[in-house]
Structure formats: structure tokens, C-alpha cells
Amino acid sequence: MNEVFVFTGTLDCFTRKQAQQLVLALGSRVQQSVTKETTYLVAGKQPVTLFDFGESLKRKQALKKQVKIISEETFLRLCIEQLSKYQKIESERKFTHDK
């Protein structure tokens, strides 16, 4: 994928560590904070308290730096698309190798 991901909030389908491992397995990088290199901020659920309205520091930084903020669902779609590409490449490689 060659992207740089940062995670914020709580994810439904993964622990944050599992999501980060998936990103690494697909050829992308993970950062702990938003920088100019960050491609996507994956925004999970944010706790809401009396003094905070659910806007994480990472989300504020992403907005300021014009980083794409995506949901966990969109993140999963990106991962599935990438896995499908790998599968297609591997199938084509095997087909040409078997000839």
C-alpha cells in the first residue's frame, strides 16, 4: 500500500496492535502521532466526557495538516482491496510459472 497510518480511538474489529500489524503486513507504515508524512488517520470510537467532546489531539492535528481521516470500515475496505491485489498478482505469477 505504501501509505502511513495513525490510529486514534477504540477499534471494533481489532486491537490497535493487530491493526498496526495488518498495516505492516500490507507494506505500509504506522506512526504514533500525526506528521506531514501521515497519509491516513483511522478514527475509532472516541470517549466523550464532560470536559472533552470526543475530538482527539490526533484528529485535530490531522485536520490542521489536511490528512485524510477515515473510519475503521474504510480502513478495512482499503486492506481488503490491497489483499485482493496481492491475490491477483500471486495468481498471475503462479499461472505463468506453471506454464
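Note that the structure is a prediction, hence the values are computed from the model and not measured.

(A) Looking closely at helix α1 (residues 16–25). Looking at α1, one finds that the buried residues are A19, Q20 and V23. The buried side chains of α1 occupy one side of the element, clustering within an arc of 100° when seen end-on. Every exposed residue of α1 that faces more than 90 degrees away from the buried side is listed here: K17, L24 and A25. At the exit of α1 stands G27, carrying a positive phi of roughly 90°.

(B) Structural detail: the sheet that holds strand β2 (residues 29–30). Across the sheet, which stays open at both edges, the 4 strands sit in the order β2-β1-β3-β4 with parallel pairing between neighbours. Edge positions in the sheet fall to β2 and β4 (68–71), since each of these pairs with one other strand and no more. Note: strand β3 (residues 40–43) against β4, 4 bridges, orientation parallel. Across the sheet, the residue bridging to L41 is I69, located in β4. In the packing of α1 onto the sheet, the strands contacted are β1 (4–8) and β2, and the crossing angle to β1 comes to about 170°.

(C) Quick look at unusual backbone geometry. One non-glycine residue, Q66, lies in positive phi territory at about 55°. Tracing the chain through its elements places Q66 in the loop between α2 (57–64) and β4.

The rules behind each value
Residues numbered from 1 in each chain as written. Predicted model: local features only at pLDDT ≥ 70, side-chain atom pairs only at ≥ 80, totals over all residues. Heavy atoms only, no water. Buried < 20%, exposed > 50% of the residue type's maximum accessible area, 1.4 Å probe, protein only. Helix = DSSP H or I, 4+ residues; strand = E, 2+ residues; numbered from the N terminus. Arc of directions from axis to C-beta. Pairing = 2+ DSSP bridges. Contact = heavy atoms within 4.5 Å. Axes fitted to C-alpha atoms, helices over the stretch in contact; angles between N-to-C directions.

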